[in-house]
Amino acid sequence: MRPARLRVVAVELFERPVRLRLPFRFGAVTVTACPQAFVRAAIEFEDGRRAHGSAAEMMVPKWFDKSAHRSDADNIDDLRDALRRAAHAYTSATELHTAFGHFANHYRPLMREGSRCGVNDLTTNFGAAVLDRAVLDALCRALGTSFADVVRVNAAGIDASLTDDLRGFDLDGFLRTLRARSHIAARHTVGMLDPLEGNAPGEDALPRTLRQVIAAYGNTHFKLKLGGDPEADIGRLTDIAAVLDHLPSYAVTLDGNEQYPDLDTLARFCERLDAAPQLACLAGRTLYLEQPLPRSLALDVAAQAVPRRWPLLIDESDATLDAFPRAKVAGYHGVSSKSCKGVYKSLLNAARCAQWNAAECSSRFFISGEDLTMQPGLGVQQDLALAALLGLRHVERNGHHYVDGFAGGGASTPEQERFLVACPGLYERSHGSVRLSIRAGVIDLAGCATPGFASPAEPDWTGLSPLAPRAPRNDTATPRIPAPC
């Protein structure tokens, strides 16, 4: 199929507050509330036909940028500005390009503009990552087909123009091999403040402790947060193992969130984990260790010092399209897929895994599915559709635990009902809200295989607020997309 050529003719930016029912601590940061961004884009084809598409993403502070001199409010404003810069760039271009061509043409200019504005690459890429999903949704809707089918026939025009290491690789052939999974295991996040056992009173009847979560959802996959102190982390893992070891089978991943200050401290933690008899089962069921070192250090040290039984994976370090090849040289084997980092980046990194594994006749290199408190609706559906197409067997999901379903995300009752009806199997109604359905630890993705980018329903656009500016505003009209800073 010949890739469709189009221009982006309009972009609207909105947001809605999300209140967490439980405080979520990752690394040194605790989040209790943050806004969710919504994007609606209009595209126009060569023949003048138009289509609209949508996307949504949480604007979580202190993940994209952990700098001490930037507040939570600064972080969120930086993400809003990244959306504005991407929208301005895409709508200012009058030339026709493929959907991927728009991303490719603006990738480096947006990076330069973000640097000039004083923000890091991960923050800058957030803007295009969300906008690209809205454009893909519009393309899928115009073609009357699903995200998986659009990718398989490469109607988006994905190429190796930004990834020299993939030149000569049969990218179209690789995309044709992708088959979306119909089910995926939910890997439950155990935050550093999360209670593990006993009574944990709260404002609602939803599960709060790890043991209650397992009883309610039947999870068998878990993501365990680390704090960067070997002694404290081993103690916390010992308490978690006391709960998980009662399960007939389970698997875990460990997430350092950049908290280990250097390779020596990380090596001490790994030695302690390897030697602790009470952690023998958990250590043997650990799949990989995610981003333990600060991004300023991670790609410049030899990660081979960590025992090979726990492959290392980059997450926050995956800020640019060349990050994974650099991480490979340093001894890393994995990279995370997150919608907030970009659909195209995930697909290109998956192609790299295929290329490298084929060259070695191995399966050492891999891509994982990670979450950023993704909310029900556009956000969780598009991220799940991407994970399913990558063939992932499990994906970290935590938004359904830390937020009270659609209600906690501010969605109206009619909006909740639309998504419930449009996505059978993916959602259920319980405890006064429509929420993600997880049964026996598994999410049913059949409802995502519809025309569009996994989005048969849309949010209540009239109930959203315009994306908030940095400076106070006297009006509430939908803002025009400003020029770059």
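What counts and how
- Residues numbered from 1 in each chain as written.
- Predicted model: local features only at pLDDT ≥ 70, side-chain atom pairs only at ≥ 80, totals over all residues.
- Heavy atoms only, no water.
- Pairing = 2+ DSSP bridges.
- Helix = DSSP H or I, 4+ residues; strand = E, 2+ residues; numbered from the N terminus.
- Axes fitted to C-alpha atoms, helices over the stretch in contact; angles between N-to-C directions.
- Left-handed = near helix turned anticlockwise from the far one by under 90°.
- Contact = heavy atoms within 4.5 Å.
- Nonpolar A, V, L, I, M, F, W, Y, C, P; charged D, E, K, R; others polar.
- 1 Å grid on protein atoms, 1.4 Å probe; cavity = no way out; pocket = protein on both sides within 12 Å on 5 of 7 lines; lining within 4 Å.
- Points joined across faces, edges and corners; volume = space filled by probe spheres on them.

### Details of the pairing of strand β1 (residues 6–26)
Two faces belong to every sheet, and in a regular strand the side chains alternate between them.
Here's step 1: When β1 meets strand β2 (residues 29–45), the two strands line up antiparallel, connected through 16 bridges. In the strand pairing of β2, Val-18 is matched with Cys-34.
Here's step 2: Between β1 and the antiparallel strand that follows it, β2, lie 2 residues; Gly-27 among them carries a positive phi value of about 65°.
Here's step 3: One ladder, built from 2 bridges, connects β1 with strand β15 (residues 465–466); its direction is antiparallel. Bridge pairing in β15 places Glu-15 opposite Ser-465.

### Some words on the packing of helix α6 (residues 210–217) against helix α7 (residues 230–244)
Here's step 1: Direction vectors running N to C along α6 and α7 enclose 35°, while the axes themselves pass 10 Å from each other. The hand of the α6/α7 crossing is right-handed. Two secondary-structure elements touch here, α6 through Leu-210, Arg-211 and Ile-214 and α7 through Ile-240, Ala-242, Val-243 and Leu-244.
Here's step 2: Looking at the contact of α6 with α7 residue by residue, the class counts come to 6 nonpolar, no polar and 1 charged.

### Notes on the layout of surface pockets
Here's step 1: There is about 250 Å³ of room inside the largest pocket.
Here's step 2: Taken together, Arg-181, Leu-287, Tyr-288, Pro-311, Phe-366, Ile-367, Ser-368, Gly-369, Gly-391, Leu-392, Arg-393 and His-394 make up the lining of the largest pocket.
Here's step 3: Those elements that provide at least two residues to the lining of the largest pocket are β7 (286–290) and β10 (366–369).
Here's step 4: Among the elements that line the lining of the largest pocket, the one with the most residues is β10, at 4 residues.
Here's step 5: In terms of residue class, the lining of the largest pocket is made up of 6 nonpolar, 4 polar and 2 charged.

By themselves, these figures tell us nothing about what the structure is for.
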